[in-house]
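Breakdown of the fold
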Amino acid sequence: RSIARFLPISLSPIRRHSPPWSRQHLLLRPAPEPLFAPVVVEPTPLSANNPRIASLRRLSGRRKARLDAGRFVIEGPVPIGELLAAGAELDELYVDLDQWSSVDDRSPLREVVRDAHEAGVSVWGLTSSVFASVSDTNSPQGALASAVRSVSTIPELVAADGPVLVLVDLSD
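Before going into details, it helps to say that this report is about the structure given with it. (Residues numbered from 1 in each chain as written. Predicted model: local features only at pLDDT ≥ 70, side-chain atom pairs only at ≥ 80, totals over all residues. Heavy atoms only, no water.)

Section: the overall build of the chain
Just so we agree on the cut-off: Segments assigned H or I by DSSP are reported as helices when at least four residues long, segments assigned E as strands when at least two residues long, and all are numbered from the N terminus. In what follows, a contact means two residues having at least one pair of non-hydrogen atoms within 4.5 Å. Here the Shrake-Rupley method, with its probe set to 1.4 Å, supplies the accessible areas, and only the displayed protein chains count as covering residues.
Across its full length, the chain carries 8 helices and 5 strands. Counting helices and strands in the order they occur from the N terminus, the chain gives α-β-α-α-β-α-β-α-α-β-α-β-α. Long-range pairs, those at least 24 residues apart, make up 73% of the contacts in the chain between residues at least 6 apart in sequence. Approximately 12,800 Å² of the chain is accessible, and the part contributed by carbon and sulfur atoms is 56%.

As for the nonpolar core
Just so we agree on the cut-off: Among the buried residues, those of types Ala, Val, Leu, Ile, Met, Phe, Trp, Tyr and Cys that are joined through side-chain atoms within 4.5 Å form a nonpolar core. Type-normalised accessible area, obtained with a 1.4 Å probe on protein chains alone, sets the label of each residue: buried when under 20%, exposed when over 50%, and partly exposed for intermediate values.
Of all hydrophobic cores here, the largest spans 17 residues; its most connected members are I80, L90, L93, V95 and V113. Looking at this core, the elements with two or more residues in it are α4 (77–86), β3 (90–96), α6 (108–118) and β5 (143–148). For this core, the leading source of residues is α6, giving 4 residues. Once residues lying within four places of it in the same chain are set aside, the contact partners of V95 are P43, W100, L109, V113, V123, W124, G125, L126, F131 and G142. Residues Y94, W124, F131 and L144 belong to the second largest nonpolar core, which totals 10 residues.

Concerning α4
Let me state the cut-off plainly: Directions are taken from the helix axis to each C-beta atom, and the arc is the one they span.
When we look at burial in α4, the residues that qualify are P77, I80 and L84. Down the axis of α4, the buried side of the element spans an arc of 65°, and every buried residue falls inside it. The exposed residues of α4 that point more than 90 degrees off its buried face are E82, A85 and A86. In the stretch just after α4, G87 is the one whose phi turns positive, near 90°.

Overview of the environment of L157
Tracing the chain through its elements places L157 in helix α8 (residues 154–159). You can call L157 partly exposed: its relative accessible area is 33%. When sequence neighbours within four positions are dropped, the list of residues in contact with L157 reads S152 and V164.

A word on a nonpolar patch on the surface
Let me state the cut-off plainly: A patch consists of residues whose relative accessible area exceeds 30% and which take part in no salt bridge; residues with like charges are grouped when within 9 Å of each other, and nonpolar side chains (Val, Leu, Ile, Met, Phe, Trp, Tyr) when within 5 Å. Basic side-chain nitrogens of Lys or Arg form a salt bridge, by our definition, when they fall within 4 Å of a carboxyl oxygen of Asp or Glu.
On the surface, a cluster of nonpolar side chains totalling about 360 Å² of accessible area is made up of L157, V164, V166 and V168. Structurally, V166 is set in the segment after α8.

Regarding the side chain of D96
Worth spelling out the cut-off: Charge counting follows a simple rule: Lys and Arg are positive, Asp and Glu are negative, and His as well as the terminal groups are ignored.
Topologically, D96 is positioned in strand β3. It turns out D96 is buried and unbridged, and the closest side chain with the opposite charge, R110, is 11 Å from it. Leaving out residues up to four positions away in the same chain, D96 has contacts with L126, T127, S128, F131 and G142.

Structural data, given as structure tokens:
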């Protein structure tokens, strides 16, 4: 008895292909162009003895150093991206090179580096050990930035459009 009538597909040993004339349209069509050309940005590596790292270590570790310099440190690609979107002035962006090499092109880390580069911010790469030494958190997120601290007077705040958030006795 044949089992072919019980199977939905014939088990023919002959492999069937489309005739050559039906595939001709594939040969004549040009390759599709990408919708956008990705911006390739690579962080510039810094050595552990670079003065920029000593300055970043001072800023992230000491409140007095931040107040004297008029700058502050932001950690994490999402908060840095939000600051860039709000138009804040970032001085420099530091990226953990190990995390940089392990993420895909659509990750928040890659996006914030592209955005910072487009805004004219210097992007520097640090090894994981150096990045951990300048980071203030136990598990660094792969991106640190330093930004200028803006101070506004009360008349400037009153004249501004939109809501104003006032924080009192905020700890560092």
